Amino acid sequence: MDAVLAQVLLEHGPDPVLLLAPDRSVSYLNTAAEQLFGSSRPQLLGTDSALLLAEPSRAGFRALLAALPASAPRPGEPFTGSGRRP
């Protein structure tokens, strides 16, 4: 797929999309993610991704990420957690 087309699809899709850097900080988010978390892109870029979750959800999310090798396929079951808004 062409990189420009992929960028357009990610940016304008209806689902929130966050991409994480190796240190688990937010390296990309689309407009739907901005709307979901109620913060602007500049506010969220570089943020520790776990901080976007409510406190009770953070440990499970961090454990899920720690269990994934760098090239792991998506886990079979989705992670269920509660997000935070300002």
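What comes next is a walk through the structure. Since this is a predicted model, take the numbers as computed values, not measurements.

The rules behind the values
- Each chain has its residues counted from 1, running along the sequence as written.
- Local features in this predicted model are restricted to residues of pLDDT 70 or higher, and side-chain atom pairs are both shown and tallied only at a pLDDT of 80 or more, whereas totals for entire chains, interfaces and linings draw on every residue.
- Here the side-chain values reflect all heavy atoms present in the structure, with hydrogen atoms and water set aside.
- To qualify as a helix, a DSSP run of H or I must reach at least 4 residues; to qualify as a strand, a run of E must reach at least 2; elements of each kind are numbered from the N terminus.
- Note that the radius of gyration is over C-alpha atoms, with the globule rule given as 2.2 Å times the number of residues to the power 0.38.
- Should any heavy atoms of two residues lie within 4.5 Å, those residues are considered in contact.
- The protein chains shown are the only cover counted for residues, whose accessible areas, like all others here, come from Shrake-Rupley with a 1.4 Å probe.
- All tallies of charge rest on Lys and Arg as positive and Asp and Glu as negative; His and the ends of each chain are not included.
- Taken as the charge centre is NZ of Lys, CZ of Arg, CG of Asp or CD of Glu, depending on the residue.
- Any N or O atom pair separated by 3.5 Å or less is treated as a polar contact, with the protein-specific requirement of one donor-capable and one acceptor-capable atom, and with residues adjacent in sequence counted only for side-chain atom pairs.
- When a carboxyl oxygen of Asp or Glu lies within 4 Å of a side-chain nitrogen of Lys or Arg, that pair is called a salt bridge.
- Here the term buried applies to any residue with accessible area under 20% of the maximum for its type, exposed to any over 50%, and partly exposed to those in between, with areas from a 1.4 Å probe on protein chains only.
- Nonpolar cores are built from buried Ala, Val, Leu, Ile, Met, Phe, Trp, Tyr and Cys residues. Side-chain atoms within 4.5 Å join them into one set.

Looking only at helices and strands, the chain features 4 helices and 2 strands. Written out in order from the N terminus, the α and β elements of the chain read α-β-β-α-α-α. Compactness check: the chain gives a C-alpha radius of gyration of 13 Å against a globular reference of 12 Å for 86 residues, within 12% of the reference. The C-alpha extent of the chain, read off along each of the three principal axes, is 35 × 35 × 20 Å. Partitioning the intrachain contacts of the chain with sequence separation of at least 6 by distance along the chain shows that 32% fall at a separation of at least 24. Accessible surface for the chain amounts to roughly 5900 Å². Of this, 60% is attributable to carbon and sulfur atoms. Separation between the mean location of the 7 positive side-chain charges and that of the 8 negative ones in the chain comes to 7 Å.

Within the secondary structure, Asn30 sits in the loop between strand 2 (26–29) and helix 2 (31–37). Between the alpha carbons of Asn30 and Arg41 there is a distance of 8.0 Å; along the sequence they are 11 residues apart. Not counting the four nearest positions on each side in its chain, Asn30 is found in contact with Leu10, Glu11, Gly13, Asp15, Pro16, Val17 and Arg41. Among the polar contacts listed, one links the side chain of Asn30 to the backbone nitrogen of Val17, at a separation of 3.0 Å. A polar contact is formed between the side chain of Asn30 and the backbone nitrogen of Ala33, at a distance of 3.0 Å.

Turning to the pattern of salt bridges, a few remarks are in order. Applying the stated criterion across every chain, the model contains 4 salt bridges. Notably, a salt bridge pairs Arg58 with Glu55, separated by 2.8 Å at the nearest N-O pair. Linking Arg58 with Glu55, this pair stays in helix 4 (residues 55–66), spanning 3 residues, or about one helical turn. When its relative accessible area of 54% is taken as the criterion, Glu55 is described as exposed.

Val26, Leu29, Ala33, Phe37, Leu44 and Leu52 together form the largest nonpolar core, which totals 6 residues. Excluding anything up to four places from it in sequence, Leu44 contacts Val26, Leu29, Phe37, Ser39 and Leu52.

Positioned with a positive phi, Arg24 is a non-glycine residue whose angle comes to about 70°. Residue position: Arg24 is located in the loop between strand 1 (18–20) and strand 2. With a relative accessible area of 33%, Arg24 lands in the partly exposed category.

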